[in-house]
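# Chains, contacts and geometry: an overview
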Amino acid sequence: MLKPLRQGLPPLDPAAVSDAASCALPARYEAVREARRFTRATLEQWDAGDRFDDICLVVSELVTNALRHAVPAGQGGADERNPCVRLHLMRWSERLVCAVRDPSHETPVPRDSDDFSAESGRGLFLVDSFADSWGWHPLAGTLDGKVVWALFRLRPAG
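Residues numbered from 1 in each chain as written. Predicted model: local features only at pLDDT ≥ 70, side-chain atom pairs only at ≥ 80, totals over all residues. Heavy atoms only, no water.

## Side note on the overall build of the chain
When helices and strands are counted, the chain shows three helices and five strands. Counting the 158 residues in the chain, one finds 41% classified as buried. In the chain, 67% of the contacts between residues at least 6 apart in sequence involve partners at least 24 apart. Summing over all exposed atoms, the chain offers an accessible surface of approximately 9100 Å²; the carbon and sulfur share of this is 48%. (Helix = DSSP H or I, 4+ residues; strand = E, 2+ residues; numbered from the N terminus. Buried < 20%, exposed > 50% of the residue type's maximum accessible area, 1.4 Å probe, protein only. Contact = heavy atoms within 4.5 Å. Areas by Shrake-Rupley, 256 points an atom, 1.4 Å probe, with all protein chains shown as cover.)

If you want it as C-alpha cells, here you go:
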C-alpha cells in the first residue's frame, strides 16, 4: 500500500473548481448514512459517471474512520460553527476530491493485518484501493484537527 501524502492535496487550481458542496456531520454513527445520502445526491447532480460507487464507498470509510478514531469520547452533537466532522466534496472538470475534517491531530495509519475476515481495520486499504490517491494534512489557524482526503480522476465530459 502506498503511504498517504502528508503534504496535502495534489496541486489543483482552486479557481478552476466547477462545483463544491459540504455538510456538517454529528458525532454519531448515523452520520455515515447521512454522509452517503449527501454524497449520492451531490454526485447525481454533478454526473460523476463510472466513479459514483467508488466515491460513495470512500466517503463512507473516511467518515467512519473520523467518527471511530478522531472524535473524542463523550463529544456531543455538532456545533454549527465548529462541527465534529465535516465532509467536503469538490469537483474540477476531470477530478473530484472528497475531504473529511475531524478534530484529531493523530496521523491516519492503515492497520497491518493478514486477517481478511476481520470486521474492521481495512478502511484505509479500501480508500487506497478505490481512490486514485489519498492523503491528509493538519489544519492551521483557527481550525483544529486534520483533513483526510481522497482524489478521483473523472472522465472528461462529452
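Still to come is the rest of the account.
## Notes on helix α3 (residues 123-130)
Looking at α3, one finds that the buried residues are Gly123, Leu124, Val127 and Asp128. The buried residues of α3 occupy an angular sector of 135° when the element is viewed end-on, so they sit on one face. Buried residues in α3 make contact with α2 (52-70), β4 (133-138) and β5 (146-153). (Arc of directions from axis to C-beta.)

## Some points on the sheet that holds β5
Pairing within the open sheet is antiparallel, and its five strands lie in the order β1-β2-β3-β5-β4. Strands with a single pairing partner mark the edges of an open sheet, and in this sheet they are β1 (19-25) and β4. Across this sheet, the average inter-strand angle for adjacent strands is 15°, counted without regard to direction. Here strand β2 (residues 85-91) pairs with strand β3 (residues 95-102) via six bridges, running antiparallel. Bridged to Leu87 within β3 is Val100. Along the sheet, helix α1 (residues 30-46) makes contact with β1, β2 and β3, crossing β1 at roughly 165°. (Pairing = 2+ DSSP bridges. Axes fitted to C-alpha atoms, helices over the stretch in contact; angles between N-to-C directions.)

## Side note on the environment of Ala24
Assignment of secondary structure puts Ala24 in strand β1. Using a relative accessible area of 35% as the deciding quantity, one classes Ala24 as partly exposed. In the structure, Ala24 is positioned 64 residues away from His88 in sequence and 8.9 Å away in space, judged by C-alpha atoms.

## Description of the environment of Asp144
Tracing the sequence through the fold places Asp144 in the loop between β4 and β5. Counting along the chain gives 42 residues from Asp144 to Asp102, while the straight-line C-alpha distance between them is 8.1 Å. Ignoring any residue separated from it by four or fewer positions in sequence, one finds Asp144 in contact with Asp102, Pro103, His105 and Leu139. In this structure the side chain of Asp144 is engaged in a polar contact, spanning 2.8 Å, whose partner is the side chain of His105. (Polar contact = N/O pair within 3.5 Å; in protein donor to acceptor, adjacent residues only side chain to side chain.)

## Regarding the confidence of the model for the chain
Put simply, the chain has an average pLDDT of 81, and 75% of its residues get 70 or more. Below pLDDT 50 for its whole length, residues 1-7 participates in 19 contacts with residues either more than four positions away or in separate chains. (pLDDT = per-residue confidence, 0-100.)

## Digging into the packing of α2 against α3
The geometry of α2 relative to α3 is characterised by a closest axis approach of 9 Å and an angle of 150° between their N-to-C directions. Looking at the two axes, α2 sits roughly antiparallel to α3. When you trace α2 past α3, the crossing you get is left-handed. Taking contact as the criterion, the partners of Asp54, Leu57, Val58, Glu61, Leu62 and Asn65 in α2 are, on α3, Gly123, Leu124, Leu126, Val127 and Phe130. In terms of residue class, the contact of α2 with α3 is built from seven nonpolar, two polar and two charged. (Parallel < 35°, antiparallel > 145°, perpendicular 65-115°, else oblique. Left-handed = near helix turned anticlockwise from the far one by under 90°. Nonpolar A, V, L, I, M, F, W, Y, C, P; charged D, E, K, R; others polar.)

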